[in-house]
Amino acid sequence: MTPLGAKIRQLREERGISLKDMAAALNVSSAYLSALEHGKRGKPTGFLLHRMITFFNVIWDEAEELQRLAEMSDPKVTIDTGGLSPEATELTNRLAMDIGKLEVEDLRFLRDELVKRSGKKR
């Protein structure tokens, strides 16, 4: 599941909306919406994301959060380390090889540390 997929599911469940009803309202298939929630589809188009924001009738902060989560929800990332340090290439390859072996707590720690050290907001 992607960060956006988890948030969409949370919003649906909090509001008591079925996958089928949401899909019909957005004019997409329930199979597509399910795949989006489960991370089997890439991030939605900006147009569909805007329709989701409208569908949930969220306030500005939540709308911005959905947009941020969409940017962080590509389940098939490619990282080009050409021109970067050997450490960047090694880290990228180690992460690719071992990410499935890490516990959720470890992933959160690494994510938070990266955010902190890069000076970027999550």
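For the structure, see preceding data.
Residues numbered from 1 in each chain as written. Predicted model: local features only at pLDDT ≥ 70, side-chain atom pairs only at ≥ 80, totals over all residues. Heavy atoms only, no water.

(A) Highlighting the nonpolar core. With 20 residues, the main nonpolar core has L4, I8, M22, M52, F56 and L66 as its most contacted residues. Counting residues per element, the ones that place at least two in this core are α1 (3–15), α2 (19–26), α3 (30–37), α4 (46–56) and α5 (60–71). Broken down by element, this core gets its largest block of residues, five residues, from α4. Beyond its immediate sequence surroundings of up to four residues, L4 is in contact with P44, L49, L66, L69, A70 and S73. (Core = buried A, V, L, I, M, F, W, Y, C linked by side-chain atoms within 4.5 Å. Buried < 20%, exposed > 50% of the residue type's maximum accessible area, 1.4 Å probe, protein only. Helix = DSSP H or I, 4+ residues; strand = E, 2+ residues; numbered from the N terminus. Contact = heavy atoms within 4.5 Å.)

(B) Quick look at unusual backbone geometry. Within the chain, N27 stands out as a residue other than glycine whose phi angle is a positive 60°. Position of N27 among the secondary structure elements: in the loop between α2 and α3. Even without glycine at this site, N57 takes up a positive phi of about 50°. Structurally, N57 is set in the loop between α4 and α5.

(C) Region of interest: a nonpolar patch on the surface. Taken together, the side chains of L95, I99 and L107 present a nonpolar region at the surface, about 220 Å² in accessible area. Following the sequence through the fold, I99 ends up in the loop between α6 (86–98) and α7 (104–118). (Patch = residues over 30% accessible without salt bridge, like charges linked within 9 Å, V, L, I, M, F, W, Y side chains within 5 Å. Areas by Shrake-Rupley, 256 points an atom, 1.4 Å probe, with all protein chains shown as cover. Salt bridge = Lys/Arg side-chain N within 4 Å of Asp/Glu carboxyl O.)

(D) Region of the structure containing the pattern of salt bridges. Applying the stated criterion across every chain, the model contains eleven salt bridges. Its salt-bridge partner being E65, residue K7 comes within 3.6 Å of it at the nearest N-O pair. Separated by 58 residues along the polypeptide, K7 in helix α1 and E65 in helix α5 bring together distant segments of the chain. With relative accessibility at 11%, the residue K7 sits in the buried group. The exposure class assigned to E65 is partly exposed, which follows from its relative accessible area of 27%. For the salt bridge of K116 with E113, the shortest nitrogen-to-oxygen distance reads 3.3 Å. With K116 and E113 both in helix α7 and three residues apart, the pair spans about one turn of that helix. Overall, E113 belongs to the buried group, its relative accessible area being 19%. Here the salt bridges do not stand alone but share partners, grouping K7, E62 and E65 into one network.

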